[in-house]
Amino acid sequence: MRIVVLCIAVLAFASCRGPEPRKPVEVKSGSFYKESIERSKQLLAKEEEMIKELMAKDTLHEYSTSPNGFWYYYETKNDTATYLPKTEDQILFSYNLMSLQNDTIYSAEEIGPTSHVVDKQQLFPGLQNAVKLLKINEKATFIFPSLQAYGYQGDNKAIGPRTPLKSSVELHTIIIHKDSLN
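Procedures and definitions
- Residues numbered from 1 in each chain as written.
- Predicted model: local features only at pLDDT ≥ 70, side-chain atom pairs only at ≥ 80, totals over all residues.
- Heavy atoms only, no water.
- Core = buried A, V, L, I, M, F, W, Y, C linked by side-chain atoms within 4.5 Å.
- Buried < 20%, exposed > 50% of the residue type's maximum accessible area, 1.4 Å probe, protein only.
- Helix = DSSP H or I, 4+ residues; strand = E, 2+ residues; numbered from the N terminus.
- Contact = heavy atoms within 4.5 Å.
- Salt bridge = Lys/Arg side-chain N within 4 Å of Asp/Glu carboxyl O.
- Phe/Tyr/Trp six-rings, centres within 6.5 Å; stacked < 30°, edge-to-face > 60°.
- Lys NZ or Arg CZ within 6 Å of the ring centre and 35° of its normal.
- Pairing = 2+ DSSP bridges.
- Polar contact = N/O pair within 3.5 Å; in protein donor to acceptor, adjacent residues only side chain to side chain.

Participant: Which parts of the structure should I look at to understand the nonpolar core?
Facilitator: For soluble globular proteins, the rule of thumb is that nonpolar side chains tend to be buried together. In this structure, I91, F93, L97, L127, F142, F144 and V169 are the most contacted members of the largest nonpolar core, which totals 24 residues. Those elements that place two or more of their residues in this core are strand 3 (90-95), strand 5 (104-106), helix 4 (125-130), strand 7 (139-144) and strand 8 (165-175). A per-element tally of this core places strand 8 first, with four residues. Once you skip the residues sitting within four places of it in the chain, F142 turns out to touch F70, W71, Y72, A130, L133, L134, L165, K166, S167 and V169. One finds I51, M55, W71 and L100 within the second-largest nonpolar core, a separate group that totals seven residues.

Set out below in structure tokens:
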């Protein structure tokens, strides 16, 4: 009888413990993210190679490299102006979007003149930085790798995913923000 009571006591004690946590069935190693980053690097390297070949064939223009990862050349330069747009300045500019083969995707007429507050309104990343390189009445052509253009998604209209772009941008007006004068 003692043994039965002892067995019941042990079973009762053992069943009073709470549920044991289970170990995860699958451990995330981060390999998906590592592979995605590697694919992005390879894509960017391919695009840069293609863009550099395109620039090498274009003997008519002298390209500059921006610190933001795109290239450009001036079509019209304004040597008398000195002011470059700064954060919160309002600008009026026009631009088009083309493929690297110079096929028009959106014409400047289609897009129309664009009013923009520098660094405060959304443009695609390359254009956001490109307008800050122009002085009033200057026009330049920019070549943007896809990550500086519309990236992995495209614009959900005429620009597909992972599409590098060319754009001719002309700066018409700068309304200087009061804080930019200091």
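Participant: Before we go on, may I ask you to explain the pattern of salt bridges in this structure?
Facilitator: Considering all chains together, one arrives at five salt bridges under this definition. Across the salt bridge formed by K132 and D119, the nearest N and O atoms sit 2.9 Å from each other. A residue pair is termed long-range when its members are at least 10 positions apart, and K132 in the loop between helix 4 and strand 7 and D119 in the loop between strand 6 (114-117) and helix 4 qualify at 13 residues. Judged by relative accessible area, which is 23%, K132 ranks as partly exposed. One salt bridge in this structure joins K135 and E138, with 4.0 Å as the shortest N-O distance. Each member of the pair K135 and E138 is classed as buried. Several salt bridges converge on common partners, so that one network encompasses K77, K135 and E138.

Participant: Please explain the packing of aromatic side chains as it appears in this structure.
Facilitator: This model, assessed by the stated rule, comprises 10 aromatic pairs. Seen in terms of ring centroids, F70 and F144 are 5.1 Å apart; in terms of plane orientation they differ by 65°. Their pairing is edge-to-face. Of this pair, F70 sits in the loop between strand 1 (64-65) and strand 2 (71-76) while F144 sits in strand 7, and the two are 74 residues apart along the sequence. For the pair F70 and F144, a shared accessibility class is recorded, and that class is buried. In textbook terms, an aromatic cluster arises when at least three aromatic residues are bridged by ring pairs, as seen for F70, Y72, Y74, F124, F142, F144 and Y150. In this structure, K77 is placed above the aromatic ring of Y74, and the distance from its NZ or CZ to the ring centre is 3.9 Å.

Participant: Whenever I open this one, the pairing of strand 2 confuses me. Can you help?
Facilitator: Sheet faces and side chains relate simply in a regular strand, where the side chains alternate between the two faces. Looking at chain direction, strand 1 and strand 2 are connected through two bridges and run antiparallel. The partner of S64 across the bridge, within strand 2, is Y72. Here strand 1 folds back onto strand 2, and the loop between the two strands holds five residues, one of which, G69, carries a positive phi near 95°. With five bridges connecting them, strand 2 and strand 7 associate as antiparallel partners. Across the sheet, the residue bridging to W71 is I143, located in strand 7.

Participant: I keep staring at the side chain of T141 and nothing clicks. Help me out?
Facilitator: Structurally, T141 is set in strand 7. Within the local environment of T141, its side chain forms a polar contact with the side chain of E75, the two groups lying 2.2 Å apart. With sequence-adjacent residues up to four places away left out, T141 is seen in contact with W71, Y72, Y73, E75, K166, S167 and S168.

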